[in-house]
Amino acid sequence: MTSAELLTDAFGRVSGSVHRVVNGLDARMLMARIDTDANSIAWLIWHLTRIQDDHIADILDTDQIWLSAGWVDRFRLPLSPADTGYGHSSDDVAAVVVESPDLLLGYFDEVNDRTMHLVAGLSEDELDRIVDENWTPAVTLGVRLVSVLADDLEHVGQAAFIRGVLQRR
């Protein structure tokens, strides 16, 4: 198995998990918080998608789909267009209001499609390309992709846990 095949499989698993968590939920379930400071499913999926969009756009030296495809306008959130959710307070989390699973999944799918296209075509040598020199050591493409995967898996796992808790209530 090549690295490209491994990354394609991994991001494909993220997609399957995101869809399993979000499908069939209504706005009330998407926005529910299991305590006053907990993240909602909507926030978790929005955030993991924003981070993936931000990081993949940076790798490709292109615009984020959030901006270029008009998702920022469709979501109509009271946040800066550049906001990815990193460092959000409880009030910021509450501001991420999503009325439809289709909105979340539409944005996620478009971002994930671009990610899948990127990783499917990667050569082994490309994974060693430096994409961020603001860290010591500098971050390679391979390390950045693993970082995005780790963030995706952590947040979709949290969303799955919340869905389970809410369904038992």
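Draft legend 1. Layout of unusual backbone geometry. Between threonine 136 and the following residue, proline 137, the backbone shows a cis peptide bond with an omega angle of 0 degrees. Mapped onto the elements of the fold, proline 137 is located in the loop between β1 (130-132) and β2 (139-140). With a phi close to 55 degrees, aspartate 61 is a non-glycine residue in the positive phi region. In this fold, aspartate 61 is placed in the loop between α3 (41-60) and α4 (65-68). Exposure remark for aspartate 61: the relative accessible area of 73% places this residue in the exposed category. In this model, arginine 76 sits at a positive phi of 50 degrees, which is unusual for a non-glycine residue. Inspection of the secondary structure puts arginine 76 in the loop between α5 (71-75) and α6 (90-95).

Draft legend 2. The pattern of salt bridges, seen in detail. The tally for this structure, following the rule as stated, stands at 4 salt bridges. Here arginine 50 and aspartate 53 are joined by a salt bridge, their closest N and O atoms 3.6 Å apart. Here the residue arginine 50 and the residue aspartate 53 both occupy positions in helix α3, the gap between them amounting to 3 residues, near one helical turn. Through salt bridges with shared partners, one network takes in Arg50, Asp53 and Arg114.

Draft legend 3. Here's a closer look at helix α1 (residues 3-22). The terminal C-alpha atoms of α1, which comprises 20 residues, lie 29 Å apart, in line with the 28 Å expected from a rise of 1.5 Å per residue. Restricting attention to buried positions, one finds in α1 the residues Ala4, Leu7, Phe11, Val14, Ser15, Ser17, Val18, Val21 and Val22. On an axial view of α1, the arc spanned by its buried residues comes to 165 degrees, and they lie on one face. For α1, the exposed residues set more than 90 degrees away from the buried face come down to Leu6, Arg13 and Arg20. Packed against the buried residues of α1 are α2 (27-31), α3, α7 (101-120) and α8 (141-168). With its phi angle positive at about 85 degrees, glycine 24 sits one or two positions after the end of α1.

Draft legend 4. Representation of the environment of alanine 4 in the model. If you trace the backbone, alanine 4 turns up in helix α1. When sequence neighbours within four positions are dropped, the list of residues in contact with alanine 4 reads Val119, Ala120, Leu122 and Glu124.

Draft legend 5. How the structure looks around the side chain of histidine 55. Its place among the elements puts histidine 55 in helix α3. Reaching out from histidine 55, the side chain makes a polar contact with the side chain of aspartate 54 at a distance of 2.9 Å. Not counting residues up to four positions away in its chain, the partners in contact with histidine 55 are Arg144 and Val148.

Draft legend 6. Up close: the nonpolar core. Within the largest apolar cluster, 50 residues are counted, with the highest numbers of intra-cluster contacts made by Val18, Ile41, Ile45, Trp46, Phe75 and Leu145. Elements that contribute at least two residues to this core include exactly α1, α2, α3, α4, α5, α6, α7 and α8. In terms of residue count, α3 provides more of this core than any other element does, 9 residues in total. If we ignore the near neighbours within four places in the chain, the residues touching isoleucine 41 are Val21, Leu25, Met29, Leu30, Ala32, Ala159, Ile162, Arg163 and Leu166.

Draft legend 7. Representation of the environment of leucine 166. Tracing the sequence through the fold places leucine 166 in helix α8. Judged by relative accessible area, which is 11%, leucine 166 ranks as buried. Spatially, the C-alpha atoms of leucine 166 and threonine 62 are 38 Å apart, while their sequence positions differ by 104 residues. Setting aside chain neighbours within four positions, we find leucine 166 in contact with Met29, Ala32, Ile34 and Ile41.

Cut-offs used in this document
Residues numbered from 1 in each chain as written. Predicted model: local features only at pLDDT ≥ 70, side-chain atom pairs only at ≥ 80, totals over all residues. Heavy atoms only, no water. Helix = DSSP H or I, 4+ residues; strand = E, 2+ residues; numbered from the N terminus. Buried < 20%, exposed > 50% of the residue type's maximum accessible area, 1.4 Å probe, protein only. Salt bridge = Lys/Arg side-chain N within 4 Å of Asp/Glu carboxyl O. Expected span 1.5 Å × (residues − 1). Arc of directions from axis to C-beta. Contact = heavy atoms within 4.5 Å. Polar contact = N/O pair within 3.5 Å; in protein donor to acceptor, adjacent residues only side chain to side chain. Core = buried A, V, L, I, M, F, W, Y, C linked by side-chain atoms within 4.5 Å.

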